[in-house]
Amino acid sequence: MLLKKPIETSEHTESYYAASASWQTGYPEFEGELNTDVVIIGGGFSGVSTAVELCEKGYKVVLLEANRISWGASGRNGGQLIGGLGQSPDSFKRSIGLDGVEAIYQMGDEGVDIVKERIKKYGIDCDLKWGYCEAGLTPRHIRAYKEWAEEDEDIQLLDKSQLREFINSDLYLGGYYKSNWGHLHPLNLCIGEAKVAENLGARIFEQSTVKKITYGNNPAVYTDKGLIRANYLVVCGNAYLGNLVPHLDARILPATSCIIATEPLTDEQIDQSLRKDVAVCDSRTALDYYRLSADKRMLFGGLANYTGLEPSNVVAIMRAKMAKVFPVLANARIEYKWSGLMAVAFRRIPVMGQLRGNVLYVGGYSGHGVAPTHIMGRVLAEAVEGNRERFDIMSKISHVPWPGGKLLRRPVMAAGMMFYKLIDMF
Ligand SMILES: Cc1cc2nc3c(=O)[nH]c(=O)nc-3n(C[C@H](O)[C@H](O)[C@H](O)COP(=O)(O)OP(=O)(O)OC[C@H]3O[C@@H](n4cnc5c(N)ncnc54)[C@H](O)[C@@H]3O)c2cc1C
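These notes cover the structure that comes with them. The model shown is predicted, which means the values in this text are computed figures rather than measured ones.

Counting its secondary structure elements, the protein chain contains twelve helices and 19 strands. Taking 426 residues into account, the globule formula puts the C-alpha radius of gyration at 22 Å, and the protein chain, at 21 Å, falls close to it. Counting only C-alpha atoms, the protein chain reaches 60 × 45 × 45 Å along its principal axes. Residue burial in the protein chain is summarised as follows: out of 426 residues, 56% are buried. The contacts of the protein chain with a sequence gap of at least 6 include a subset with a gap of at least 24, amounting to 76%.

Have a look at this one:
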């Protein structure tokens, strides 16, 4: 597979989402000097959500985005609204105790609730639909669903023929359905939330890259044209942060995922493919994820790779993947394709903590961030307010740097991915 660096500008990537955005943000570039309560780096879900939570509490907030609001993963993702924070919290019992485990399970549900309530409270138009299916390709997947269903009463197990009522494909052995997870238009959610933050008093600046941070009890950030001092700094640049914060750079690995969007499908094509308007993931490590858009396109995503690069023939590869699941779509016209960077943490749970002085950070959602970013934003706002209970639980999870350092971590990760692909095959 030939890989290349995707062409990026400081405007939104050419995705279905950008083409159907409800409005084009046009916040000014930051210039001059400012003092504020909290300055946030990054205008994706993490940064915007933290801004909304802080403004609701009455803080003065400045948000700096290098490109456009939701330019990164938040404006490019699969739009799947899924609970949980990633890795099962039970794996961290030794460092966070049973109360911590319970708190993380609760946060996993709360992320979805925040999205649901915020959309309703502020009337954000982002095509929210409820319903989610996970589809199994191996007996191991099906056994796992049975175990999960014993713990989670919201999981409705589906055998092969029941799953066909949702997903009309020969590929899967069975699956499960959850009515309290769903899907939405992520770019419209994020720009809608930015508007909420602005209306609540946040000052938002786009095309304003933070180039330098000074740490301490009154941290400061520097852009090309200005300087902002604050009581707190919250770092939310995730996979696009580069080396601005070396501690984070060592702990999160930018990985690429790609999505294609077909032309709007006919009723016949929908009946032969995704019959119910639900979000779908399969259970492999390098998974396929897909759903219908509001105008009935198939948005089909996958092809995760740890090079941070994009295959040069994304459309051909993704079309073949989609046709394997839904042969009826083999010749559907592909009208959009795009990719984005997700930030993968070694322990597959968000990386949250505090650097020197009042500098807080979050990132590393490992491909599962639409709902988790919302609860993490709330937890960061609680920490700024002085209520550190949930922040301390999250930051007690130790996040080791990726093995191999800057030079070898990608090959190490690619080898790991190959191992999991083999497990998925057999
Ligand atoms: C293709 C793809 C599909 C995905 N599908 C799903 C899905 O279906 N469901 C799900 O739950 N999750 C999914 N994810 C993951 C999810 O999108 C992310 O976890 C989430 O959006 C992360 O939000 P964020 O705000 O932390 O980061 P981002 O949205 O990446 O935002 C970071 C922002 O910070 C800005 N920035 C960086 N450095 C600076 C700086 N120095 N100064 C100023 N600004 C800066 C960037 O420009 C960017 O806009 C997917 C990710 C990708 C890439």
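Bringing the side chain of Ser70 into the picture now. With respect to the helices and strands, the residue Ser70 is situated in the loop between strand S3 (61–64) and strand S4 (80–81). Residue Ser70 is classed as buried on the basis of its relative accessible area, which comes to 0%. With residues up to four places along the chain from it excluded, the contact list for Ser70 reads His12, Gly43, Gly75, Pro186, Leu187 and Cys190.

Attention now goes to the site of the ligand. Taken together, 39 residues surround the ligand, and among them Ser46, Glu65, Ser74, Gly78 and Val370 come closest. One of the backbone nitrogen or oxygen atoms of Gly72 is found 3.5 Å away from an oxygen atom of the ligand. Between the ligand and the protein, one listed contact pairs an oxygen atom with a backbone N or O atom of Gly79 at 3.4 Å. Where the shell around the ligand is concerned, the elements lending two or more residues are helix H2 (45–56) and strand S17 (334–345). Among the residues making up the shell around the ligand, the classes are represented as 16 nonpolar, 21 polar and two charged.

The end-to-end C-alpha distance of helix H3 (residues 93–122), which contains 30 residues, comes to just 37 Å, noticeably less than the 44 Å that a straight helix rising 1.5 Å per residue would cover. Just downstream of H3, Gly123 is the residue with a positive phi angle, here 60 degrees.

Along the chain, Gly84 falls in the loop between S4 and H3. Considering only alpha carbons, one finds Gly84 and Asp109, 25 residues apart in sequence, at a separation of 6.2 Å. If we skip the residues at most four places from it in the chain, Gly84 touches Gly108, His368 and Pro372.

The next subject is the nonpolar core. One finds Ile40, Ile69, Ile104, Met107 and Met376 to be the most contacted residues of the largest nonpolar core, which totals 73 residues. For this core, the element with the highest residue contribution is H3, accounting for nine residues. In this structure, Met107 is in contact with Leu85, Ile375, Met376, Val379, Arg390 and Met394, ignoring residues within four places of it in sequence. Counting residues in each nonpolar core, the second largest holds 28 residues, with Leu163, Val278, Met298 and Met322 among its members.

Here we come to the pattern of salt bridges. Applying the stated rule across the entire model yields 30 salt bridges. Between Glu53 and Arg378 there is a salt bridge, with its nearest N and O atoms 3.2 Å apart. Note that Glu53 is positioned in helix H2 and Arg378 in helix H10 (residues 372–385), a separation of 325 residues in sequence. Note on Glu53: relative accessible area 5%, which makes it buried. What makes Arg378 partly exposed here is its relative accessible area of 22%. By sharing partners, the salt bridges in this structure join Glu53, Glu110, Arg118, Glu193, Arg378, Glu382 and Arg390 into a single network.

A word on unusual backbone geometry. The backbone phi angle of Asn238 is positive, close to 45 degrees, even though this residue is not glycine. Considering the arrangement of structural elements, one finds Asn238 in the loop between strand S11 (226–235) and helix H7 (246–251). By relative accessible area, Asn238 is classed as buried at 18%. Even without being glycine, Lys296 reaches a positive phi, approximately 65 degrees. For Lys296, the location among the structural elements is in the loop between strand S14 (289–292) and strand S15 (298–305).

With that out of the way, let us pick up the packing of aromatic side chains. Scanning all chains against the criterion turns up 15 aromatic pairs. Three or more aromatic residues joined by ring pairs form one cluster here, namely Tyr132, Tyr145, Trp148, Tyr176 and Trp181. Stacked on the ring of Trp71, the Lys or Arg Arg76 has its end atom at 4.7 Å from the ring centre. Seen from the ring of Tyr222, Lys212 lies directly overhead, with NZ or CZ sitting 4.6 Å from the centre.

Moving on, we come to H2. For an α-helix, 3.6 residues make a turn, and residues three or four places apart therefore share a direction. Helix length check: H2, at twelve residues, gives a terminal C-alpha distance of 16 Å against a target of 16 Å (1.5 Å per residue), a fit within 8%. With respect to burial, H2 is a largely interior element, eleven of its twelve residues being buried. Within H2, the full set of buried residues consists of Phe45, Ser46, Gly47, Val48, Ser49, Thr50, Ala51, Val52, Glu53, Leu54 and Cys55.

On to the packing of H10 against helix H11 (residues 389–396). Pairs of packed helices are described in terms of their axes, by the angle between the two and the distance that separates them. Where H10 meets H11, the axes come as close as 7 Å, and the angle between the chain directions of the two elements is 115 degrees. Crossing handedness for the pair H10 and H11: left-handed. Listed contacts from H11 to Ile375, Met376, Arg378, Val379, Leu380, Glu382 and Ala383 of H10 are Arg390, Phe391 and Met394. A per-class count over the contact of H10 with H11 returns seven nonpolar, no polar and three charged.

A few words on the pairing of strand S12 (residues 252–262). Summarising burial for S12: eleven of the eleven residues are buried, a large majority. Direction of pairing for S12 relative to S17: antiparallel, over a ladder of eleven bridges. When the sheet's bridge partners are listed, Ala261 is paired in S17 with Tyr336. Where S12 and S15 come together, five bridges link them in antiparallel fashion. Across the sheet, the residue bridging to Thr256 is Asn305, located in S15.

The rules behind the values
Residues numbered from 1 in each chain as written. Predicted model: local features only at pLDDT ≥ 70, side-chain atom pairs only at ≥ 80, totals over all residues. Heavy atoms only, no water. Helix = DSSP H or I, 4+ residues; strand = E, 2+ residues; numbered from the N terminus. Rg over C-alpha atoms; globule rule 2.2 N^0.38 Å. Buried < 20%, exposed > 50% of the residue type's maximum accessible area, 1.4 Å probe, protein only. Contact = heavy atoms within 4.5 Å. Near = heavy atom within 4 Å. Polar contact = N/O pair within 3.5 Å; in protein donor to acceptor, adjacent residues only side chain to side chain. Nonpolar A, V, L, I, M, F, W, Y, C, P; charged D, E, K, R; others polar. Expected span 1.5 Å × (residues − 1). Core = buried A, V, L, I, M, F, W, Y, C linked by side-chain atoms within 4.5 Å. Salt bridge = Lys/Arg side-chain N within 4 Å of Asp/Glu carboxyl O. Phe/Tyr/Trp six-rings, centres within 6.5 Å; stacked < 30°, edge-to-face > 60°. Lys NZ or Arg CZ within 6 Å of the ring centre and 35° of its normal. Axes fitted to C-alpha atoms, helices over the stretch in contact; angles between N-to-C directions. Left-handed = near helix turned anticlockwise from the far one by under 90°. Pairing = 2+ DSSP bridges.

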